[in-house]
Every structure is written in structure tokens, then in C-alpha cells.
Amino acid sequence: MEGGKSFVRRDRLLEIEAKARTWWEEKDVFRAEAGEKRPEPGEKFFGNFPYPYMNGFLHLGHAFSLSKLEFAAAFHRLRGANVLLPFGFHCTGMPIKASADKLAREVKQFGDPPVFPTEVEEQPGEEPEPEDPNGGVPGSAVKFKGKKSKAASKSSGQMYQWEIMQGFGLSDSEISKFQNPYNWLSFFPPLAMEDLKAFGLGCDWRRSFITTDVNPYYDNFIKWQMRKLKAMGKIVKDVRYTIYSPLDGQPCADHDRASGEGVLPQEYTLIKMEVVSPYPPKMSSLEGKKVYLGAGTLRPETMFGQTNAWVLPDGKYGAFEINDEEVLIITHRAALNLSYQNFSKVPEKPTCLVELTGYDLIGLPLKSPLSFNEIIYALPMLSILTDKATGIVTSVPSDSPDDYMALHDLKSKPAFRAKYGVKDEWVMPFEIIPIIDVPEYGDRSAEKVCNDLKIKSQNEKEKLAEAKRLTYMRGFYEGTMLVGEFAGRKVTEAKPLIRSKLIEIGQAIVYSEPEKRVMSRSGDECVVALTDQWYITYGEPEWKKLAEDCFSIMNLYADETRNGFVKTLGWLNQWACSRSFGLGTRFPWDEEFLVESLSDSTIYMAYYTVAHILQNGDMYGSGSSSVKPEQMTDEVWDFVFTGGPYPSSSDIPSSILHKMKQEFEYWYPFDLRVSGKDLIQNHLTFCIYNHTAIMSKNHWPRGFRCNGHIMLNSEKMSKSTGNFRTLRQAIEEFSADATRFSLADAGDGVDDANFVFETANAAILRLTKELSWMEEVLEAEASLRTGPLSTYADKVFANEINIAVTLTEQHYGNCMFREALKTGFYDLQAARDEYRFSCGAGGMNRDLVWRFMDVQTRLITPICPHYAEYVWREILKKNGFAVRAGWPTADSPDLTLKAANKYLQDSIVLMRKLLQKQILGSKKANKKGAPVTSLTESNLKGLIYVNEQYDGWKEECLKILQSKFDSRNRSFAADQEILDELKSSSVGLATNFKQVQKLCMPFLRFKKDEAVALGPQALDLRLPFGEIEVLSKNLDLIKRQLGLEQVEILSGTDPDALAKAGILVSLLSQNPPSPGNPTAIFLTI
């Protein structure tokens, strides 16, 4: 008992899971050995998962993505395939180093152990964020609330790193050791392995490894890969704009970031708007220097139409030295970015000569490049964002709706001008200058669109956003320049030419910044830096074509995934692959740099095939091995992985060389890689690129399956709110199989899925109740009916089992695990429950019950393997292992029998409603004294009337629809054509057609919709089975379900049968039977 709640059922599952794992370990069930010959299709399955980052505990986000691979691998293993599912641990990059450095800073500041500020407040704890293949919220060992200093919480919103480590259950003396980043590598990977074993992961753990130079074999492998790419010309050194962490002093790639994954540099043209001397008093210290307002723009071709510049009155600006002579007035944020782009007198340290606000800049006279107005002025605009570009904006009211409305407001509102001290001469003389002709909008497109949308003020943000969308798109793609040396040319052609000329003559510079805010794992806001470093040449045309070829033949399981790759292949360009700090592998030709974490993880799936031979089962590669790391020369790697010649100079025994090559050739290519969709934009696309460069085409990846993030109980998973579970916590709370059950039920698409605690708890109940049911049935096995399948219920249930086997195999094969759970467990149990009831006193068939238990156990094995293993061995007393039992055989499903049973069950539901309605109706009628038959709820007889074929006007309508239906496209001819056919038919020529037509039209609509949904069989005149026969075979079931003493099945077209209804025959007129819809009348015996 815990908190008054019983956990007996959960604890039983935990006990079962421990037993099953012992059985598997004793026989090394998940060990994967390569065959001697290349496998035929379907004979082997190699699936893998992006190795998680090891700066924290695995959580349900990891488990959700991993479960997709685990279920798929278990399915293929069950079917008899030779399955390889390996698992590695990623330690490359900055996350571990950043956390270790935080600890060191805290020790330096507060002591060892640190004594933090004593004033505290209770706040939810924040923990390190493991790199997350699922894209979900990263994990921790335990759920806890930590005491966080007010200083810490107010300044950063995060806990001290020391407190985070305490949350992992570590003592102060142990925590101190984690200042050394390599201590993390020995602590977290073994714990992750423990959790995954408890989860039931069917992994060959001999092949596990960690990354970085701690593992000399993997380090050697990555160096070979880098040398290979460089020799092909696919790694080059170049100067490029890249997202950069000033604190770390190096580029900050996606997996080095705490937030902002996928954010790229955004490039602007910074227009140098010269401030005309003399300068105002606040700027007098700048006399003698060239001072410019720096305005960032994406539309340099529109500078001809400038009427003014915009500044934010309350905005904070500074005058920053660019060199000895020039000063730029911009925001501090923009100055910091520029300082990393060679535009600062002191590199990487902006020098601010004067602190300014927007008020100080209003009214400054300016000479701006290309402007037809010799002098323009800086004016106030209230909507400027100082975290975008430079905080200074050029004003082109001819083509910018925002500029047009802001200038309009200043001109039309004297009080507005007075509020900000704007003189009339700074505003009133300036008119729109037409510069671009836009089809439909003319040469004053902003004015035209603002008038069309009836925009009255610069405060109408939504309307202005729409106006901007309309004018910018049309203006850029369809506009023609009217002025300047490129007049007459399309804007798309003129823009780069004008930009280049402005930069060439020194009137503009290139400015770049992150397109959105990016925070490094070290805790600083990133900038864009112009860096000289090593790049991988993704996007190079010939290489891109190979990547597209690979991608086009892969199984991606979802259109959303395919679209994501198309988009990424469209924009992906050179990728900075080197780092100065962190953990990892050093570039073999330039040891100043390390290979960054998204570049040492692109073809490591191949390393899994030989890791066990090289590392001898030690994930660190530090144990005894028959191969030394230094023996793995480039020639050896080439021989094993790329079809290179036999390395005759190698002193590795020939048998080992050939064994490694055999392993690779057998397992490769991998069949499936499962990942969160967020990795499409980097890791997964890099994987495709690198395979096409290094591997032969027959070794290119075969499939990626991407999923969304996971929510917990319909809310975002978050440690700060407590809505969070580590994998270990989930297993302890629900058991492994109930956790897996709920993960399967959470969802299969690319949209976010939902792990529901109620589902996990319900799984505990379902699984344990099923164990009890099987045990009880087998204890009373002698009471079961023996012999062949003889009853209608037997045949229906046997058919339902066949259907479950067939559909569930399809769903597992398509990685639709929620559907597999539905058809292989939920639906099958429902069919079993229906069968038990349908059998009545005759009892269930023994052989059929055994088949059900056997089939259900196999079908649930990929999702709940511990439970299935226990049932297989302890209850069903079968030999071998459930996880290798083989997929159950099944006859082809009889869809007609299924339809007949659905008809039977639906008819019973319909009859029950009719019975209740008739009982209630007789009571009401008796109160009124009406002469009807009194009906009680006992001693009842049911007359069930059936009409097995449509006739009359319905028959005619169906024949017309049959002739007008395109079964291939599931579409009909035009409604008028169908109506004309009806009018010319025997029904239409009848004298009462107008009355009948009122009945025909809704019937036609109903049957058309049914045919579109179900196909041409919906237009048949009768059902594919005999209704009277089905109902007659199930009289006993109908009597028991409805509580009747007698039942007769009668034809609705037989006058003698109708006479049996007596005075209730009117009910048949009100509700006549039709195919699929019998009518029941009830009488008291």
C-alpha cells in the first residue's frame, strides 16, 4: 500500500518483468549474429535510434521515440527475422562541458561545497537538458522541487548546477568530481543502460559505445570519416557567417544550444545614413568623425524612395566606433553582432562613445544613399523592435505599408508631432516617391493596398501585416524598377546588383544576426560571427543530387516527413563542423579543432556492425581486444565499409578483417532509423548526405520514421510544472509493459502525441485481469466444449482472430503501433468477450480458446514483451521464447461473415431500442385508455420482420445510381443527370411521382454518401448474406440479449407473416423493414 492505494497489480507486473529479463539474459536472446551470406529481403532487420546525450537521465520523450523502433524491431524478430537493435551514448559537444564549467564557476564563487545565498524561495527545479531525439523536454533522475536562491531565480530562472546534481541523488563530495567533464561519461551511460534494460529494450548491448576520444576506437572511426570527406573535397576551410557563443568562444550548432535549435543567420544590408554636421550637444564629442545611423534592411533596392529614417523614442542606442574614423549609431545588440563581423575598432568588444536614446536622435538631418531627397530626418516610430536588426529603420512609404501609415499619422496629427518635438519641416514637405511598378498596385503600392484594406492608423497591426504580405511578395517577384541605373529591370534582378554597388562604394555593409534568439548551453545569448573554420559542403549541387536520389527511394512513412526533407534539402548549405572547445574527436589534420556533435554522428550506424569485435563488449573501448585502435588504419576502414581493397599491410588477422566486413555487408544498409521530427533539419539530412558520399548506393539508408513530441496528460512535458517523468520513474510508477502500452497508445503520426497516465493505469488493470482470466479458464479447461468449430459464434470468433492477425501484421509493418494495439488487443478482447456471451450455456470451444490465447499473446509481444513471455512460458506452457515465437498463421478473413456478425449485433441493439420504445408506448397509451395491447417486461415474444431486397421505387433509385457511379474514383454523375434518369423511369412516369419524389431525394443522397464511403456494394439491392439465415442461427442469443421467451424470424413481404402482428401491424407500416434494417414487434405471451 502507498498512500492508501493498492499497487498489488502493478507489483505483479514488475515481478513478471524481472523474471522475463532473467530468462532473456540467461539465453542472450537479443544477441545479433550476422549470417554467412547476404540476407534475402525480410530475413534481417537493422534498426537504430539517434544516441541520446549523456548529461542527464533518459525521460519519456526519449522513450516515446525509442518505442517506435523497439516495437518495429520486436515485430520483425517475432516474424523470424534476424534483428539488430544496438544503442550508443552521445557525449560529444558542449552540453557536458558547459555543465561541468558551471559547477567549477559555482565552486570558485561559493566554495566547495558551495554556500549559496541563504534567502530562498520554493521553486520547481531545472535540470540539465540531454540532447533529445524526440525533441521533447529533457530528463532527470527524480521529480523534485529545489530551493533556489532569489538571486539565481531572478537573474536566470534556473537552479544552480550544484543543486541540479543534488537532484540526481549525489552527495556533495561526489558532485565536486563533476567539475571534470569526463566524470559525466562514466556516470550517466551505465545508468541509461540500466533503465533501458528495465524497459525491456531488445538490444545487443555488446555493440554499445560512447563517443569522444575517451573511446579510442570510435575516435579513430570519426577521424577516418573526416579524412575521407576532406579527400573528396567535401570539407573545406572558409570564412562564413555562423551562430556563435561569445562565452564559449566558438560556433554554437543546434545541439550546443539550450534554445533556438534550427535558427540560422539572417543577413541584412546595413545602410549608412550620414548624420549632417554640426551634431547636437549630446553628440558633440563625435565632431571630427563620420557618424552614421545604421539602418538594417532586406530591401536595398527601395532606397531611392526614402523620405526619412525611423527610430524608437524610448529605444536605447549607442554611438559605436567601427574604425578610427567611422561611428555607427545602432543598438547595443547590433553592435555586439557587428563586433564579431570585423566591424568594431576592438574586435569582439564594441566601443560605445556615447549612450543615446531614440529621443536624442529625433530630428537628426541625414544624407542617405540613393535617396532622391538630399536631406531627410530621423522621426519617431512606436512599433520598432530593438531586438531585430539595428533598431534604425529606413522609411520608403511608396512600397512599405508600415512606413506609409506612420508618415500619414505624423502628417495628419499635429499633437502627435508636438509630443515628440517633431518640426513641420521635417515631415510635411516629403511626399511619396514612386520607384517600383507593381502589377495591379501601380507605382504607389503601399498607398493602394492600405486604402483597399481601409487601414486608418499605424496601430492596426493585423491589417498592416496583411498589407505588407501583399505588397512585399508582389513587389519583389513581379515589380519593375522605375528609377536608377537599373530602371526597367525586374526587382529580383536589380536587388543584388544595387546591394553589391552600395557595399562596393562604402555606403552599406553586410550585417548578420540570428533570425531568432539563440541561447547556448553555457547560458549566453548567441551572436552571428564571421569565422574562419572547417565546413562541410552540404548543398553542393552534385552532392545534393545524390542526397535527393537517396531520399527519393527511402520509406519515410508520412508525407509530412517527406515534405520536411524536401524543405531542408532546399535550404541546407555549408555547415560549420569544427569547434574549439568541448568534448569529441580532434580533426586529424588540424588538432586545434574538434569535430562538432552533429558531424560525428552521421554514419556511426555502420560502426555498430563492428563495435563488438573492436571493443569486446566494453562501451568505453578500454578493455582487452584482439584489435588495437591504432591498427584500424584508413585502409582497414575502407576495406570494411567502402569496398576498398584488402589491406595487405595490416597486421590484423585476416579472419578478423573478414569477420568485420561480413558483419557490415550482412547488416547494411540499415532498414529503419526512428527519430523526433526536429532532427530532419540537421542530423537526419546529414545522415543522408554522408552515406551518399562515403557508402556505395546499395548501402544507403532505407527508411526514416519521424514522430512528434510527446505530451503528458494533454499538457506539454515540463520539469518546471512537475508534468514530467523520467523513464525510470515511469517504470517504477506503472511497470515497463504498462509504460510501453501507453506509449503505443499515445499516437503514431508526426503531430505531437499524448502519454496518458490513465491509459497506463488501465493497462495495468487489463493485463493483470487477462492473466487471471487465462489462469481461471485453464483451471476449468475440462468444462470447455470440445470438437470442431460447430456454432455460428465459433465461426465468427475464429474469423475475428484471423482478421486481428491480418490487420495487426499490416499495422506493425507500417509502424502504426496505436492501430496495432487496437486490432491486436482491444478489438480482439472485445471479440472474445462477445464470443463468451454468444456461446451461452453451450460454452466456449476449447481449441478456439487456446488459439485465442496463443494469438493474443503473440500479437501483444512487441508492445508488452515481459507480459507475453510470462504468459507463453508460465500459463500456456510453451517452449522457447515468446519474442521469437513466430507470427501466427491465419486463414484469409471472411469479410462477409464479419459483415453478417456486425448486422447481427447492430440488429440486436436496434431491437432493444424498439422493445423499450414499445413498452414505454404501451404504458402511455394505457394511461390514455387507448385500445392497444398491454406490454410487460416479462413473458415476451418477438416477431422480427426482414425484407432482404429493396423493391419498388427504392429498387429503381439504386439501379439508376449503379449506372451513374464511377467505382474507381468513387464519384457520381451530376445530380441533374441522375434526376433526369429518375423522371424517365417507371417511377417518374407514375401518376404519384411528385409524392414519391419527396421520398426518393433523401434516399438518393443517403445512398450516394454511403457509396462514396464504402464502395459500390452500398448500391446492391440486397446484403451479401441471408439476413433471415443469420438471425435464425442466433435465436438463442437474441432471446438472451433481449430477455424474450420466444422469437420468430419472418418475411416482411409474406401476408401470413404480417397477420401475426395483429393490431400492431401498423407499426410495420410506420417503420417498414429494409435490407440491413429489420423491424421487431413484441407481444405478451
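In the block above lies the structure referred to throughout.
Presented here is an overview of the structure given in this document.

### Considering the sheet that holds strand 22 (residues 575-576)
Okay, so step 1: What the 4 strands build is an open sheet, ordered 6-5-21-22; its pairing is antiparallel. Strands at the two margins of the open sheet, each flanked by one partner only, are strand 6 (250-251) and strand 22.
Okay, so step 2: By the bridge criterion, 2 bridges tie strand 5 (residues 235-245) to strand 6 in an arrangement that is antiparallel. Of the residues in strand 6, the one forming a bridge with Tyr244 is Pro251.

### Here we look at the side chain of Glu17
Okay, so step 1: With respect to the element layout, Glu17 can be found in helix 1 (residues 8-27).
Okay, so step 2: In this structure, Glu17 is buried with no salt-bridge partner, the nearest side chain bearing the opposite charge being Arg21 at 4.5 Å.
Okay, so step 3: Engagement of the side chain of Glu17 in a polar contact is seen with the side chain of Ser735, the distance being 3.4 Å.
Okay, so step 4: Beyond its immediate stretch of four places on either side in the chain, Glu17 contacts Ser735, Ala736, Asp737 and His866.

### Things to note about the packing of helix 24 (residues 757-779) against helix 26 (residues 817-839)
Okay, so step 1: Interhelical geometry of helix 24 versus helix 26 gives an angle of 40° and a closest axis separation of 13 Å. With respect to each other, helix 24 and helix 26 are oriented oblique. For helix 24 against helix 26, the interelement crossing comes out left-handed. Only Phe825, Tyr826, Gln829, Arg832 and Arg836 of helix 26 make contact with helix 24, whose side of the interface consists of Arg766, Leu767, Glu770 and Trp773.
Okay, so step 2: A per-class count over the contact of helix 24 with helix 26 returns 4 nonpolar, 1 polar and 4 charged.

### Some words on the packing of aromatic side chains
Okay, so step 1: Applying the stated rule across the entire model yields 75 aromatic pairs.
Okay, so step 2: Residues Phe416 and Tyr420 carry aromatic rings whose centres are separated by 5.5 Å and whose planes lie at 85° to one another, so their mutual orientation is edge-to-face.
Okay, so step 3: Note on Tyr420: relative accessible area 10%, which makes it buried.
Okay, so step 4: The ring of Phe639 has Lys661 sitting right over it, with the charged end atom 5.0 Å from the ring centre.

### Re the environment of Tyr835
Okay, so step 1: If you trace the backbone, Tyr835 turns up in helix 26.
Okay, so step 2: In this structure, the C-alpha to C-alpha distance between Tyr835 and Glu462, residues 373 residues apart in sequence, is 60 Å.
Okay, so step 3: Every residue in contact with Tyr835, bar those within four places of it in the chain, is listed here: Arg785, Ala793, Asp794, Phe797, Met844, Asn845 and Leu848.
Okay, so step 4: A polar atom in the side chain of Tyr835 sits 2.8 Å from the backbone nitrogen of Asn845.

### Observations concerning the sheet that holds strand 24 (residues 586-587)
Okay, so step 1: Read from one edge to the other, the open sheet built from 3 strands follows the order 23-25-24, with strand pairing classed as antiparallel. Across the chains shown, the open sheet's two edge strands, defined by having one partner strand only, are strand 23 (578-579) and strand 24.
Okay, so step 2: Two strands pair when backbone bridges link them, and strand 23 and strand 25 (residues 590-595) are joined in this way by 2 bridges, in the antiparallel orientation. The residue bridging Arg579 from the neighbouring strand is Leu594, located in strand 25.

Criteria and thresholds
Residues numbered from 1 in each chain as written. Predicted model: local features only at pLDDT ≥ 70, side-chain atom pairs only at ≥ 80, totals over all residues. Heavy atoms only, no water. Pairing = 2+ DSSP bridges. Helix = DSSP H or I, 4+ residues; strand = E, 2+ residues; numbered from the N terminus. Buried < 20%, exposed > 50% of the residue type's maximum accessible area, 1.4 Å probe, protein only. Lys, Arg positive; Asp, Glu negative; His and termini not counted. Salt bridge = Lys/Arg side-chain N within 4 Å of Asp/Glu carboxyl O. Polar contact = N/O pair within 3.5 Å; in protein donor to acceptor, adjacent residues only side chain to side chain. Contact = heavy atoms within 4.5 Å. Axes fitted to C-alpha atoms, helices over the stretch in contact; angles between N-to-C directions. Parallel < 35°, antiparallel > 145°, perpendicular 65-115°, else oblique. Left-handed = near helix turned anticlockwise from the far one by under 90°. Nonpolar A, V, L, I, M, F, W, Y, C, P; charged D, E, K, R; others polar. Phe/Tyr/Trp six-rings, centres within 6.5 Å; stacked < 30°, edge-to-face > 60°. Lys NZ or Arg CZ within 6 Å of the ring centre and 35° of its normal.

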